[in-house]
Amino acid sequence: MDKLNRILALPENDRTAAAIDVLGLKGLEDWKIFVLGQEYVVRTHAPEILAHIISLCRLTYRSGFEAVDGFATDAGWGCMMRTGQMAVANCLIKLLLGSDWKLATTTDLTAYRQLLRFFADSPRSPLSIQNISLTGKQLDINVGQWFGPTTISHVLRRIINTMDDIPLSVYVARDSTISIPDLEETSGYWSKKVLILVPLRLGLNSIEPVLAHQATSTLAWPNSCGILGGKPRASYWFVGVQGDYVLYVDPHVTQPTVDMSVAEFPLESYHSHQLLRMKAQDLDPSLALAFFCNDSQDLESLKSLNSQRATPLFTFSDTKVIDTLEDTVLSSTTDTAECGEEWDVV
């Protein structure tokens, strides 16, 4: 945040050049970038891009937390859990703090710190690494084993849909289909907002370029809450798209656990100015799209955007699905990006 403030204090031309340099976008000034549905042009919006990236909540590996089944760190196995946490945390920022919230321009960070406490590395926090791990254990995935996109989607659904202190629900698409009656029921008929998670498998060992483009282009949609995916055994939270590249936040940094019982606990480790990129075609074919809907109008907007695709990656249905498969999330031997998940290949 100090880096951003120093850049913002510079004259306009210097400010833009400094932001481009920090973002690693030299030579790409004419590129158009989308970050969670927000459109930017590098040459004219570099400081705004930097402010957006720094404001994203980054949740990474931690060490020294209260042990869960003997593990006091999630380094090496918790990256998909952290990826899921990031999608939810930034969804809650939009919901509770506002879609235009920016870290650098917020003088009172009390509400933001309170939001982060949902993710504190303590078994007493609902969305902690401990609680996520133990919920996975209920689905026959031992603590210390890797989650895949389908597993984290269902674990987040289980946890969040029992939380009464946030106006958010989670709906997980089944067989690439969003059942509108089920989604409305999950939301309490829009008494709560909805985070929609759409697990997909877009190939066997690699992703087809056309499918990679279709998946990553959803990051330009206003409803986007990112993509949960990555490379084999390495999960990232994808937040933006720039031509053939996707932009992501990386949880693979091990940091000491922060004591959030302190009123003004430090925030530096929850944010980064780094803008990481990879080729969209290098994505693992196992991923989950994430979308946020405030109301039925947002859902209609999502349906409209999806209907413009010649061959959509997912569909909508007016038929209610009897959820007989609620607890049949795949075991970790198949629910990994390395091994592949037992889904129908799109």
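Asks: So what about the overall build of the protein? Which residues, and what values?
Replies: When its secondary structure is counted, the protein shows 10 helices and 14 strands. For 346 residues, the compact-globule estimate of 2.2 N^0.38 gives 20 Å, and the C-alpha radius of gyration of the protein, at 19 Å, lies within 12% of that figure. Its C-alpha atoms give the protein principal-axis dimensions of about 60 × 50 × 40 Å. Within the protein, buried positions represent 55% of all 346 residues. Accessible surface computed for the protein: about 14500 Å², of which carbon and sulfur atoms make up 49%. Averaging the coordinates of the 28 positive side-chain charges in the protein and doing the same for the 41 negative ones gives two points 4 Å apart.

Asks: How would you sum up unusual backbone geometry? Please name residues and give values.
Replies: Even without being glycine, Asp140 reaches a positive phi, approximately 70°. Take Asp140: it is sitting in the loop between α6 (129-137) and α7 (149-160). By relative accessible area, which is 65% here, Asp140 ends up exposed. Phi at Tyr189 is positive, roughly 55°, even though this residue is not glycine. Inspection of the secondary structure puts Tyr189 in the loop between α8 (180-186) and β7 (193-201).

Asks: With reference to specific residues and values, describe helix α9 (residues 209-217).
Replies: When α9 is considered as a whole, its buried residues turn out to be Leu211, Ala212, Gln214, Ala215, Thr216 and Ser217. Each element contacted by the buried residues of α9 is listed here: β8 (224-231), β9 (234-242), β10 (245-249) and β13 (286-293).

Asks: Describe the sheet that holds strand β11 (residues 255-256), naming the residues involved and giving the relevant values.
Replies: Hydrogen bonds between backbone atoms are what pair the strands of a sheet, whose relative direction is either parallel or antiparallel. On the basis of which strands lie adjacent, the open sheet formed by 3 strands has the order β4-β3-β11 and mixed pairing. Across the chains shown, the open sheet's two edge strands, defined by having one partner strand only, are β4 (71-73) and β11. Judged from the 2 bridges that link them, strand β3 (residues 62-68) and β4 form a sheet pairing that is antiparallel. Note that in β4 the partner of Val68 across the bridge is Phe71.

Conventions and cut-offs
- Residues numbered from 1 in each chain as written.
- Predicted model: local features only at pLDDT ≥ 70, side-chain atom pairs only at ≥ 80, totals over all residues.
- Heavy atoms only, no water.
- Helix = DSSP H or I, 4+ residues; strand = E, 2+ residues; numbered from the N terminus.
- Rg over C-alpha atoms; globule rule 2.2 N^0.38 Å.
- Buried < 20%, exposed > 50% of the residue type's maximum accessible area, 1.4 Å probe, protein only.
- Areas by Shrake-Rupley, 256 points an atom, 1.4 Å probe, with all protein chains shown as cover.
- Lys, Arg positive; Asp, Glu negative; His and termini not counted.
- Charge placed at Lys NZ, Arg CZ, Asp CG, Glu CD.
- Contact = heavy atoms within 4.5 Å.
- Pairing = 2+ DSSP bridges.

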